[in-house]
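Structural features, examined
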Amino acid sequence: MASIDPPPAGGICCRPAIPVTLALIAGILLGEGLPGFSPFFLCMLVGAIAVSIVALHRNRSDRWSPLIAILAAGYLSMVPWISPDYGPDHIVHYLDSGRWQIQGCVLEPPVLRLGRTRTVLDVETIARQGQSQPVHGKVRLTVMGETELALGDQVAFDAKIRSLRNFNNPGGFDYRRYMAFKGIHGSAWVQAEKLRIVGTSPLPAAKRIVHSLRGRLSRLIDAAGGPDTKDAQGVLKALVYGDRSSIDRELRERFNRAGVGHLLAISGLHVGIVATVAYRCLLWLFSLCTPLLWRGWTRQWAAAATLFIVLAYGLLAGMSPSTQRAVIMVAVFLAALILGRTHDVLNTLSVAALAILVLSPTALFSISFQLSFCAVLAIVVGLERFNFSE
């Protein structure tokens, strides 16, 4: 007889991550719904922390003050996103103001699609009529045609910096807010022959290593096929390390019509396979070590080594939002295994959501975040109501 473990006795009190996560979500929603900085929430945060410290000093139980502090912190975490202080030299002050001579650094690997190359540019200087001024801020750059752009390239071109706009359909997707939450506030486009590469900025060591590994994998996959296997090579790159730039529109539509388009994005399925295979192989390898067997440490060591492998794979895959969620959830599960704690799926799910929202509060408004956690929550809650027998 095999069954799903019942929820811990005591319900939500024995799953402390759940109320903490709900309090943070409530604070983030308040921050989005009440734009601007309110001193009331800062006073609430300070007061709740003071009450918690006093209760801790007097060895008294205090459940509400920490939750109030987390709610206030969630509100304050949204202030820089909803009511940002750009400063006088930010790029938002130069939107829709005519043509400029723009120079900046390529921040993301360029993606070629439908004859256009798109990337994100960190604008450093703009000039007009011989007068140059330093600025900061990111814009989406579209190059009409193919280019030899690479991550870290310094480019210069003449273009208008346009503000991002929505379609203004009632209840429609707020594209402008979506891009603002990514730190992108404008767009520019230029013909490929008018784009000049004027230098290269050194990449951080970690990013340089990841970029080099992705390039080697790409060349290895290209060398393994022939001229008639371009589609297969593009799909393999997407499945292995999340590079979808080689998949054309027609092939992408085929995946979407078949209902398996999500396979082309690195997510829980890919990270789960990597973690499972790595853990099983490492568990067998460490079981050959007698000292670890005597101490019963084989599972902990295998889980710790698997954690490093999962993190490395997430970095190699580009750490997209879906990859981040999967890596964090697997990391929480492995951490519980390392510490010898009982696994509770709902608590693990809450810890994963909490970690993501602490790192990026705006992730709450991403449809991929909402669908991922709602789907897993529905599966977990549904399975807890059934017992399975052989």
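In this text, all values refer to a predicted model and were calculated from it rather than measured experimentally.

Criteria and cut-off values
- Residues numbered from 1 in each chain as written.
- Predicted model: local features only at pLDDT ≥ 70, side-chain atom pairs only at ≥ 80, totals over all residues.
- Heavy atoms only, no water.
- Core = buried A, V, L, I, M, F, W, Y, C linked by side-chain atoms within 4.5 Å.
- Buried < 20%, exposed > 50% of the residue type's maximum accessible area, 1.4 Å probe, protein only.
- Helix = DSSP H or I, 4+ residues; strand = E, 2+ residues; numbered from the N terminus.
- Contact = heavy atoms within 4.5 Å.
- Axes fitted to C-alpha atoms, helices over the stretch in contact; angles between N-to-C directions.
- Parallel < 35°, antiparallel > 145°, perpendicular 65-115°, else oblique.
- Left-handed = near helix turned anticlockwise from the far one by under 90°.
- Nonpolar A, V, L, I, M, F, W, Y, C, P; charged D, E, K, R; others polar.
- Expected span 1.5 Å × (residues − 1).
- Salt bridge = Lys/Arg side-chain N within 4 Å of Asp/Glu carboxyl O.
- Pairing = 2+ DSSP bridges.
- Arc of directions from axis to C-beta.

Membership of the largest hydrophobic core comes to 22 residues, with the highest contact counts inside it found for Ile-102, Leu-121, Val-123, Ile-126 and Phe-157. Of all elements in the fold, only strand S1 (99-106), strand S3 (116-128), strand S5 (138-144), strand S6 (153-160) and strand S8 (184-191) reach the threshold of two or more residues within this core. In contact with Val-123, not counting residues within four places along its chain, are Ile-91, Ile-102, Gln-103, Gly-104, Val-135, His-136, Gly-137 and Val-139. By size, the runner-up hydrophobic cluster in this structure holds 18 residues, among which are Val-271, Ala-303, Val-330 and Leu-337.

Moving on, we come to the packing of helix H8 (residues 268-286) against helix H11 (residues 321-339). Running from N to C, H8 and H11 cross one another at 30°; their axes reach a closest spacing of 9 Å. As summarised for this structure, H8 and H11 are arranged roughly parallel, according to the angle between their axes. For the crossing formed where H8 meets H11, the hand is right-handed. For the pair formed by H8 and H11, the contact residues are Gly-268, Val-271, Ala-275 and Tyr-279 on the first element and Ala-326, Val-327, Val-330 and Leu-337 on the second. Of the residues belonging to the contact of H8 with H11, the class tally is seven nonpolar, one polar and no charged.

With 15 residues, helix H12 (residues 345-359) ought to run about 21 Å at 1.5 Å a step, and its terminal C-alpha atoms sit 21 Å apart, in line with that. Within H12 the residues assigned to the buried category are Leu-346, Asn-347, Thr-348, Leu-349, Ser-350, Ala-352, Ala-353, Ile-356 and Leu-357. Where H12 is buried, its residues contact helix H1 (17-33), H11 and helix H13 (367-384).

This structure, assessed with the given rule, holds four salt bridges. Of the charged contacts, one joins Asp-222 and Lys-237 as a salt bridge, the two residues approaching to 2.9 Å between their closest N and O atoms. With Asp-222 in helix H5 (residues 205-224) and Lys-237 in helix H6 (residues 230-241), this residue pair connects regions lying 15 residues apart in the sequence. By relative accessible area, which is 35% here, Asp-222 ends up partly exposed. The exposure class of Lys-237 is buried, given its relative accessible area of 5%.

Looking at where Gly-36 falls in the secondary structure, it is placed in the loop between H1 and helix H2 (39-57). When the C-alpha atoms of Gly-36 and Asp-174 are compared, they prove to be 19 Å apart, with 138 residues separating the residues in sequence. Excluding anything up to four places from it in sequence, Gly-36 contacts Tyr-75, Val-79 and Ser-83.

Let us now look at the packing of H11 against H12. Remark: H11 packs on H12, axes separated minimally by 9 Å, with the N-to-C direction vectors making an angle of 130°. Comparing the axis directions of H11 and H12 gives the class oblique. H11 and H12 meet at a crossing whose hand is right-handed. When H11 is examined against H12, the residues Arg-325, Ile-328, Met-329, Val-332 and Phe-333 are found in contact with a partner set consisting of Thr-348, Leu-349, Val-351, Ala-352, Ala-355 and Ile-356. Tallied by class, the residues present in the contact of H11 with H12 amount to nine nonpolar, one polar and one charged.

To continue, consider unusual backbone geometry. Even without a glycine there, the phi angle at Asp-96 is positive, about 55°. For Asp-96, the position within the fold is in the loop between helix H3 (64-82) and S1. The partly exposed category is assigned to Asp-96, whose relative accessible area is 44%. In this model, Gln-129 sits at a positive phi of 55°, which is unusual for a non-glycine residue. Counting through the fold element by element, Gln-129 comes out in the loop between S3 and strand S4 (131-134).

Moving on, we get to the pairing of S5. With five of its seven residues buried, S5 lies for the most part within the structure. Judged from the seven bridges that link them, S3 and S5 form a sheet pairing that is antiparallel. Residue Leu-121 lies in a different strand from S5, and its bridge partner there is Val-139. Of the pairings in the sheet, the one linking S5 to S8 comprises seven bridges and is parallel in character. Residue Thr-142 lies in a different strand from S8, and its bridge partner there is Trp-189.

As a further point, take H13. Its 18 residues place the ends of H13 26 Å apart at the C-alpha level, agreeing with the 26 Å of an ideal helix rising 1.5 Å per residue. Among all positions in H13, only Phe-369, Phe-373 and Val-380 are buried. Down the axis of H13, the buried set is contained in an arc of 30°. They therefore lie on one face. Exposed side chains of H13 directed beyond 90 degrees from the buried face belong to Ile-367, Leu-371, Cys-374, Ala-378 and Ile-379. Against H11 and H12 lie the buried residues of H13.

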